[in-house]
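# What the coordinates show
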Amino acid sequence: MKKKWKITLISLLTVAFIGGNLFLLFKESSKADRVSYIKEWTRVQKDDVKETFQTKGVVQPETKHGVYYDEQQGPFSSFLVKEGDVVSAGTGLFTYGSKDLEDEKAEVDAEITQIQGELDGVNEEIAELKKLTTPSSTSGTSSTSGNKDLKVEVNVDVTSGVKTDVEKAILAAETEASKLKAKLEKYESKLSRISDKISQTTVNSEVEGQVVAINKDMQNPIITIASKTLAVEGELTESQMKKVAVEQQVKMHSTLHDQDYEGNVQQIVSYPKGNPSVDKETKYPFMVRLNDADEQLLPGAKLSMQVIVNEVKDVPVVATKSTFKTGKKMNVYQLNEKGFVKKTKITPGLSFAGKQEVTNGVKEGSLIVVKPKLIHANNSAFITPMTTTTIQKYNLKQLSKKQMAKYLLMGVFEN
């Protein structure tokens, strides 16, 4: 009899459960259709949003400077450097032919040498004559200059007190020395002018770097100098070309050295690389300036590149999947303190990789529904899963049978 009573009670409860739910489901004024069961929600948090794209690059010298040969400057003479040489600004690279100037320079050098020798001889003569004028001089002397063009003879009896002849000889020697000095200055000035002309036939480097190519066939540029500063050359697709801009930040990684590098877009070439074809994707070259290259990073090294197209930092962010549109307006479902779901219009900012910046509409810390498609009505009440781990036996014992029945029915019919 007792077992039969239990079966009857269970049957009645089952019928009541099914009937109650059907009643609430089809009754137009029922609150059941305005209750949303929300299993997942999240808070608006401040975060960074970065829009990026990936590409690859190769390390190159930042610049390559070509040195050109001009036939109008004269015939080519010789290279002064070889491939691999490190040069600085002012280093001689090659020379033009200048045999006439070299011959003239040799002649002037010989003249200067001769004049300098004559001047030295006269200066020695003057020194000897001046010794005769001192009080300690007691004998006569004669002197003949070593210069074949200059003959100064002195034969004076100093003891007689007659010094006039010696003084005249000194004056004549000093006059000759002055003439030789003037002549020497003239030839030295001429030598300087010839040297300047010869230096103009030497082509010097205008930049610092390394000689990477020498064209001995005299096809211009005959010398190519690569800068010591490195850059990275990458490739862009047509869609990437629309996004990239000079000075955008670029992050790079070397798999070989397991090293990260940073830089900025330095140059974008709008003309396609290679020969464009309908059968292959068009690529456009661009250059990235390296901020902190090290010695192990050599020209030719391969790098993976991440170009940061746009970035916002420390802004309110929601998951993109938490948003939905009504017309052109973007919204989220916000959970308020009164227990209702409220559709809230937001002003979207930058969106990328599942993150949506919110510039207006909700604040940091607001509760947002993760799956808005599960919400059936705006301004509806909501319930969340019951966390049984927080229910203690003590709490259950404090409830009367009437309260337990009430809460049980509320859970049955509202869920």
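Starting afresh in each chain, residues are numbered from 1 along the sequence in its written order. Per-residue local features are limited, in this predicted model, to residues with pLDDT of at least 70; the limit for side-chain atom pairs, both in listing and counting, is 80 or more; totals at the level of whole chains, interfaces and linings are taken over all residues. The side-chain numbers reported here are obtained from all heavy atoms of the structure, hydrogens and water having been left aside.

## Some thoughts on the overall build of the protein
In this text, helices come from DSSP runs of H or I with a minimum length of four residues, and strands from runs of E with a minimum of two, each type numbered from the N-terminal end. The helix and strand tally for the protein stands at six helices and 21 strands. In the protein, buried positions account for 31% of the 415 residues. Of the accessible surface of the protein, which amounts to about 27,500 Å², a share of 51% is contributed by carbon and sulfur atoms. Categorising residues by exposure relies on relative accessible area from a 1.4 Å probe, with only protein chains included: less than 20% of the type maximum marks a residue as buried, more than 50% marks it as exposed, and the intermediate range marks it as partly exposed. Note on areas: Shrake-Rupley with a 1.4 Å probe; residue coverage comes only from the protein chains shown.

## Thoughts on the sheet that holds strand 10 (residues 223-226)
Pairing between two strands requires that DSSP report at least two bridges joining them. The four strands lie next to each other as 4-10-9-6, forming an open sheet whose pairing is antiparallel. Across the chains shown, the open sheet's two edge strands, defined by having one partner strand only, are strand 4 (64-67) and strand 6 (86-87). With two bridges connecting them, strand 6 and strand 9 (residues 209-214) associate as antiparallel partners. Opposite Val86, over in strand 9, you have Gln210 as the bridge partner.

## Brief notes about the packing of aromatic side chains
By convention, a stacked pair of Phe, Tyr or Trp rings (six-membered ring in the case of Trp) has centres within 6.5 Å and planes under 30 degrees apart, an edge-to-face pair has planes over 60 apart, and any other such pair is tilted. According to the stated counting rule, one finds seven aromatic pairs in the structure shown. Geometrically, the ring pair formed by Phe76 and Phe79 is tilted, given 4.8 Å between the ring centres and 55° between the ring planes. Judged by relative accessible area, Phe79 falls into the partly exposed class, the value being 23%. Connected via pairs of aromatic rings, a cluster forms that spans Tyr69, Phe76, Phe79, Phe94 and Tyr96.

## Side note on a negative patch on the surface
Taken together, the side chains of Asp258, Asp260, Glu262 and Asp292 define an acidic patch exposed on the protein surface. With respect to the helices and strands, Asp260 occurs in strand 13 (residues 259-268). Patch membership requires over 30% relative accessible area and the absence of a salt bridge. Like charges are linked within 9 Å, and nonpolar side chains (Val, Leu, Ile, Met, Phe, Trp, Tyr) within 5 Å. Basic side-chain nitrogens of Lys or Arg form a salt bridge, by our definition, when they fall within 4 Å of a carboxyl oxygen of Asp or Glu. Charged-residue counts in this description rest on Lys and Arg as positive and Asp and Glu as negative, His and the chain ends being excluded. Charge placement uses NZ in Lys and CZ in Arg. For Asp and Glu, CG and CD serve respectively.

## Regarding unusual backbone geometry
A cis amide bond links Asn220 with the next residue in sequence, Pro221, at an omega value of -5°. Structurally, Pro221 can be placed in the loop between strand 9 and strand 10. Despite not being glycine, Ala353 has its phi angle at roughly 55°, a positive value. Of note, Ala353 is situated in the loop between strand 18 (341-352) and strand 19 (355-360).

## Let's talk about the pairing of strand 9
Sheet analysis places strand 9 next to strand 10, joined by four bridges and oriented antiparallel. Residue pairing for strand 10: Ala213 is matched across the bridge by Thr224.

## What to know about the environment of Pro348
With respect to the element layout, Pro348 can be found in strand 18. Considered as a pair, Pro348 and Lys329 are 19 residues apart in the sequence and their alpha carbons are 9.4 Å apart. Residues contacting Pro348, with those up to four places away along its chain left out, are Met330, Gln356, Glu357 and Thr359. Between two residues, a contact is recorded if the distance between any of their heavy atoms is within 4.5 Å.

## Here we look at the nonpolar core
In terms of nonpolar packing, the biggest core is built from 20 residues, with Val232 and Met252 touching the most fellow members. At the level of elements, strand 3 (45-61), strand 11 (230-236), strand 12 (249-254), strand 13, strand 14 (284-290) and strand 15 (302-319) are the ones that each hand at least two residues to this core. Here, nonpolar core refers to any group of buried Ala, Val, Leu, Ile, Met, Phe, Trp, Tyr and Cys residues whose side-chain atoms link them within 4.5 Å. Of all hydrophobic cores here, the second largest spans 13 residues; its members include Ile112, Ile115, Leu180 and Leu184.

## A closer look at the sheet that holds strand 8 (residues 202-204)
Judged by pairing direction, the sheet is antiparallel, and its three strands sit side by side in the order 5-7-8 without closing on themselves. Bordering the open sheet on either side are strand 5 (76-79) and strand 8, each of which pairs with just one other strand. Direction aside, the axes of adjacent strands within the sheet are offset by 25° on average. As judged from the three bridges shared by strand 5 and strand 7 (residues 92-96), these two strands associate in the antiparallel manner. Counted as the bridge partner of Phe76 is Tyr96 from strand 7. Between N-to-C directions, angles span 0 to 180 degrees; the directions come from axes that are lines fitted to C-alpha atoms, helices contributing only their stretch in contact.

## Structural notes on the confidence of the model for the protein
Do not read the fine detail of predicted coordinates wherever pLDDT is low. Looking at the protein as a whole, its pLDDT mean stands at 81, while 76% of the residues score no less than 70. As a per-residue quantity, pLDDT reports the predictor's confidence and falls between 0 and 100. This stretch, residues 28-32, has a pLDDT under 50; its non-local contacts, to residues over four places away or in other chains, come to three contacts. For the stretch residues 137-146, pLDDT sits under 50, and the model shows 23 contacts to residues farther than four places along the chain or on other chains.

## Concerning the side chain of Glu357
Tracing the backbone through its elements, the reader meets Glu357 in strand 19. Buried Glu357, no salt bridge; nearest opposite-charge side chain is Lys46, N-O distance 11 Å. By the criterion applied in these results, polar contacts are pairs of N or O atoms within 3.5 Å in which, for protein atoms, one can donate a hydrogen and the other can accept it, and in which residues neighboring in sequence qualify only through two side-chain atoms. A polar side-chain atom of Glu357 sits 2.8 Å from the main-chain amide nitrogen of Leu350. If near-sequence neighbours (up to four positions away) are discounted, Glu357 is found in contact with Val312, Val315, Pro316, Val317, Thr347, Pro348, Gly349 and Leu350.

## Let's talk about the environment of Pro385
Residue placement: Pro385 occurs in the loop between strand 21 (381-383) and helix 5 (393-397). The class of Pro385 is partly exposed, set by a relative accessible area of 31%. Once you skip the residues sitting within four places of it in the chain, Pro385 turns out to touch Tyr37, Ile38, Lys39 and Trp41.

## Looking at the pattern of salt bridges
A full pass over the atoms with the stated rule returns twelve salt bridges. Across the salt bridge formed by Lys105 and Asp109, the nearest N and O atoms sit 3.4 Å from each other. One end of the pair is Lys105 and the other is Asp109, both in helix 2 (residues 99-132) and four residues apart, which spans about a single turn. Looking at Lys105, the relative accessible area reads 26%, which means it is partly exposed. Put simply, Glu247 and Arg289 hold a salt bridge, and the shortest N to O gap is 3.6 Å. Separated by 42 residues along the polypeptide, Glu247 in the loop between helix 4 (238-241) and strand 12 and Arg289 in strand 14 bring together distant segments of the chain. Relative accessible area serves as the criterion here: at 25%, Arg289 is assigned to the partly exposed category. It is possible to trace a salt-bridge network through shared partners that takes in Glu233, Glu235 and Lys273.

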